[in-house]
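Spelled out, the chains give:
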Amino acid sequence: MFISFEGTEGVGKTTLIQRIHDYLTAQGQSVVLTREPGGTAMAEQIRNLLLSVKHEEKMCSDTELLLMYAARAQHLDQVILPALAAGKTVLCDRFSDASFAYQCAGRGLSVAKLNMLNSHFVARMPDLTFWLDAPIELGMTRARARGELDRFEQEKATFFEKVRGGYQTLWEQQPERVKRLDATQNPDQVFAQAMQYLQPNT
Ligand code: TMP
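Since we're looking at a predicted model, the values are computed, not measured.

Rules used throughout
- One numbering rule holds for all chains: residues counted from 1, following each sequence as written.
- Only residues with pLDDT of at least 70 are given local features in this predicted model, and only at 80 or more are side-chain atom pairs given and counted; all residues enter the totals for whole chains, interfaces and linings.
- Remark: hydrogens and water are excluded; side-chain values derive from all non-hydrogen atoms of the structure.
- When at least one non-hydrogen atom of a residue lies within 4 Å of a molecule or strand, that residue is treated as near it.
- What qualifies as a polar contact is a pair of N or O atoms within 3.5 Å, subject to a donor-acceptor requirement within protein and to the restriction that residues adjacent in sequence count only when both atoms come from side chains.
- To be clear on the numbers: accessible area is Shrake-Rupley with a 1.4 Å probe, and residue cover counts the displayed protein chains and nothing else.
- Put plainly, a pocket is an open set of points on a 1 Å grid over the protein atoms alone with protein on both sides within 12 Å along at least five of seven lines, a cavity is a set where a 1.4 Å probe fits but cannot get out, and a lining residue has an atom within 4 Å of a point.
- Pocket or cavity membership: a molecule qualifies when more than half of its atoms sit within 2 Å of the grid points of that site.
- Secondary structure follows DSSP: runs of H or I at least 4 residues long count as helices, runs of E at least 2 residues long count as strands, and numbering of each begins at the N terminus.
- Lys, Arg, Asp and Glu make up the charged group, whereas Ala, Val, Leu, Ile, Met, Phe, Trp, Tyr, Cys and Pro make up the nonpolar group; the residues left over, Gly among them, are polar.
- Axis lines are fitted to C-alpha atoms, over the contacting stretch for helices. Their N-to-C directions set the angle, which ranges from 0 to 180 degrees.
- Comment on the angle field: the value is read as roughly parallel under 35 degrees, roughly antiparallel over 145, roughly perpendicular from 65 to 115, and oblique elsewhere.
- Left-handed describes a crossing whose near helix is turned anticlockwise from the far helix by less than a right angle; the clockwise case is right-handed.
- Contacts: residue pairs with any heavy atoms within 4.5 Å of one another.

### A few points about the site of the ligand
- In the vicinity of the ligand there are 14 residues, among which Lys 13, Arg 47, Arg 94, Ser 99 and Gln 103 approach most closely.
- For the ligand, an oxygen atom lies 3.1 Å from a polar atom in the side chain of Glu 9.
- Ser 99 has a polar side-chain atom sitting 2.6 Å from an oxygen atom of the ligand.
- When isolated, the ligand has an accessible area of 480 Å², and the protein chains bury 94% of it.
- Because more than half of its atoms lie within 2 Å of the grid, the ligand is assigned to the largest pocket.
- Put simply, the parts of the chain that give the shell around the ligand at least two residues each are α2 (41-51), α3 (61-85) and α4 (96-106).
- If you tally residues by element for the shell around the ligand, the top one is α4, at four residues.
- When its residues are assigned to classes, the shell around the ligand shows six nonpolar, two polar and six charged.

Quick look at the structure:
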């Protein structure tokens, strides 16, 4: 199975992924835990370029989108597809839904651009996607508490409201794959919500 985790900043994705990883591993499954942008040495370099706040020029939205897909192509080729072919479960912290939410809904890029990239460069979509949803201010407070903010975290609340709206659209359009979790609850409760969708399949 290929499972992705999505949401705006500070909603608790890392905690949930780790708990699901531990649960599935304890069940004897072979699990690969990875993330986007990143997941391979080269894709992590692209991640650094994407998240850095030290650029002297503004990164245009098309460049941002294309770098996300350059990293994704490398990640699919080197990590995700081989792991799935070997019968492993892949847990991925963000995948192409993040490009819909951040680059289309957030930055305002056309869905046609995204669909073109997905159709050419994404051979496999997740079987299941958890959208951890919480009010923007809650997540931003958690993100700020973690320390220095990256290039995305420095965006204003209005940007993240649009991103959240993008995830909502995906959830409404693809309810079979995208499951909304109430991320205002504590980590035990969020894990319990996720387990409702995991048990029949795993
Ligand atoms: P992270 O903080 O969850 O590791 O993700 C890094 C940032 O990259 C996060 O702010 C969301 C953003 N992002 C996109 O804008 N588009 C994408 O396709 C992906 C995978 C991440």
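The rest of the description comes next.
### Section: the packing of α4 against helix α7 (residues 157-173)
- One way to put it is that α4 packs onto α7 with a least axis distance of 8 Å and a crossing angle of 130°. Taken together, the axis directions place α4 and α7 in an arrangement best described as oblique. The two elements α4 and α7 cross, and the hand of that crossing is right-handed. Residues Asp 97, Ala 98, Phe 100, Ala 101, Tyr 102, Ala 105 and Gly 106 of α4 touch α7, and the partners they reach there are Phe 159, Phe 160, Lys 162, Val 163, Gly 166, Tyr 167, Thr 169 and Leu 170.
- Looking at the contact of α4 with α7 residue by residue, the class counts come to 10 nonpolar, three polar and two charged.

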